[in-house]
Amino acid sequence: MADTQRKKALAFQALHQRDELLVLPNPWDAGSAKLLAALGFQALASTSAGLAFTLGRPDGEGLISREETLANARTLVEATPLPVAADLENGFADAPEGCAETIVRAAACGLVGGSIEDASGRPDAPIYPLELAVERIRASVSAARDQPFPFTLCARAENFLHGRADLPDTLRRLEAYAEAGADVLYAPGLTTRAQIDAVVRAVAPKPVNVLLGLSDCALSLDELADLGVRRVSVGSSLARAAFGGFLRAARDLRRGRADFARDAAAFAELNTLFKAGS
């Protein structure tokens, strides 16, 4: 696996270094990964919320274990020949050493990248203090650099997802994470051109990831590329779209309607795509 993983890692790294925007979709199981591969996407990243929903759980810090996350990641890695990164939440640890261990274990299961966020999972103090947050990223970067391939480490500043719409603090955090060695910077929850432009400028020339799929973010891929964004991901959006279709069909069925299958994917199309995505 070592040689294959290294080739995937180098390919994933190169996707961040070109001028073209990297669209990084987020599958939640082997089937969704194979379909995305068949549709021509160049790399994949896991979604913690999509995994939680698949396991019949709500999304939230600490509701999915590191073992479950890495088992799902291995499933995605084995489903297609594409490079796969993972949502590693807060590293499943408060201490920097715990984050480093998560990176080591992520690499061991075939991943070539992953994200560590600064959300603590505690309602009374949802974001780690800056000094600790930086130490956590620094330890994660060190563990990533110890791998025999370029493990792409994405550092996430979670203020906007936790009711703290504090752009200056978010910029300070992302600048500090970039200085600590993170390869990609990410502040999920940004919705305006001005916010995204400020982040891109603050951490340049390092690549920035932007989350698509938020109802109040109306920027197109072309507009994001024009702002200098190098990568976009969709989080749980594809999983929620799939579950949305399921719920509409199930509710129709519950009401006695039998025409829901008209909107279903064709049997032959799915068979063809699953063969192509392997």
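Residues numbered from 1 in each chain as written. Predicted model: local features only at pLDDT ≥ 70, side-chain atom pairs only at ≥ 80, totals over all residues. Heavy atoms only, no water.

Novice: Which residues make up the packing of aromatic side chains, and what values do they have?
Specialist: Evaluation of the coordinates by the stated rule reveals 2 aromatic pairs. Judged by centre distance (6.3 Å) and plane angle (85°), the rings of phenylalanine 53 and phenylalanine 243 are edge-to-face. Here phenylalanine 53, found in helix H3 (residues 48–54), pairs with phenylalanine 243, found in helix H10 (residues 237–254); they are 190 residues apart in sequence, far enough to count as distant. (Phe/Tyr/Trp six-rings, centres within 6.5 Å; stacked < 30°, edge-to-face > 60°. Helix = DSSP H or I, 4+ residues; strand = E, 2+ residues; numbered from the N terminus.)

Novice: Give a description of the layout of surface pockets that names residues and reports values.
Specialist: Roughly 630 Å³ of volume is contained in the largest pocket. Around the largest pocket sit 37 residues that line it, and Ser48, Asp87, Arg156, Leu161 and Gly235 are the ones nearest its centre. Secondary structure elements with two or more residues in the lining of the largest pocket: H3, strand E3 (84–87), strand E4 (113–117), strand E5 (152–156), strand E7 (208–211), strand E8 (231–233) and H10. Here the residues of the lining of the largest pocket are counted per class, giving 13 nonpolar, 15 polar and 9 charged. When its volume is computed, the second largest pocket comes out at roughly 390 Å³. If you go around the second largest pocket, you meet 15 residues; those closest to its centre are Trp28, Ser32, Leu35, Ala242 and Leu270. Secondary structure elements with two or more residues in the lining of the second largest pocket: helix H2 (30–38), H10 and helix H11 (267–276). Tallied by class, the residues present in the lining of the second largest pocket amount to 11 nonpolar, 3 polar and 1 charged. (1 Å grid on protein atoms, 1.4 Å probe; cavity = no way out; pocket = protein on both sides within 12 Å on 5 of 7 lines; lining within 4 Å. Points joined across faces, edges and corners; volume = space filled by probe spheres on them. Nonpolar A, V, L, I, M, F, W, Y, C, P; charged D, E, K, R; others polar.)

Novice: Could you give me a rundown of the pairing of E4, with the residues and numbers involved?
Specialist: For E4, a buried count of 5 out of 5 residues is recorded, marking the element as mostly surrounded by other parts of the structure. The alternating pattern of E4 places Gly113, Ser115 and Glu117 and Gly114 and Ile116 on opposite faces, both of which are buried. Bridging between E3 and E4 involves 3 bridges; their strand directions are parallel. Bridged to alanine 86 within E4 is glycine 114. Chirality of the crossover, the property in question, places the unit of E3, helix H5 (residues 96–108) and E4 among those that are right-handed. Here E4 runs beside E5; their pairing, made up of 5 bridges, is parallel. Residue pairing in the sheet places isoleucine 116 in a bridge with alanine 155 of E5. (Buried < 20%, exposed > 50% of the residue type's maximum accessible area, 1.4 Å probe, protein only. Pairing = 2+ DSSP bridges. Right-handed = clockwise from strand over helix to strand, strands pointing away.)

Novice: Residue-level account of the pairing of E3, with values.
Specialist: Going residue by residue along E3, you find Val84 and Ala86 tucked away on one face and Ala85 and Asp87 tucked away on the opposite face as well. Both strand E2 (residues 44–45) and E3 contribute to a ladder of 2 bridges, which runs parallel. Of the residues in E3, the one forming a bridge with alanine 45 is alanine 85.

Novice: So what's going on with the pattern of salt bridges? Which residues, and what values?
Specialist: One side chain can pair with another of opposite charge once the charged atoms of both are near each other. Going through the model one piece at a time under the given rule, you end up with 20 salt bridges. Salt-bridge contacts for arginine 156 lead to glutamate 158; the nearest nitrogen and oxygen are separated by 2.8 Å. Assessed through its relative accessible area of 3%, glutamate 158 is described here as buried. A salt bridge links arginine 255 to aspartate 252; the nearest nitrogen and oxygen atoms lie 3.7 Å apart. Each member of the salt-bridge network shares a partner with another, and the members are Asp118, Arg164, Asp169, Arg172 and Arg173. (Salt bridge = Lys/Arg side-chain N within 4 Å of Asp/Glu carboxyl O.)

Novice: Can you break down the sheet that holds E7 residue by residue, with the values?
Specialist: Taking strand neighbours across the sheet as the criterion, the 8 strands line up as E1-E8-E7-E6-E5-E4-E3-E2 in an open arrangement whose pairing is parallel. The sheet is open, and its two edges are formed by strand E1 (22–24) and E2, each paired on a single side. Alignment of E1 against E8, held across 3 bridges, turns out to be parallel. Pairing of leucine 24 across the sheet is with serine 233, part of E8. Those strands touched by helix H7 (residues 167–179) are E5 and strand E6 (184–186), and its axis lies near 165° from that of E6. (Contact = heavy atoms within 4.5 Å. Axes fitted to C-alpha atoms, helices over the stretch in contact; angles between N-to-C directions.)

Novice: So what's going on with the environment of cysteine 99? Residues and values would help.
Specialist: Within the element layout of this structure, cysteine 99 appears in helix H5. For cysteine 99, a relative accessible area of 0% translates into the label buried. The sequence separation of cysteine 99 and glutamate 175 amounts to 76 residues, and the corresponding C-alpha distance is 20 Å.

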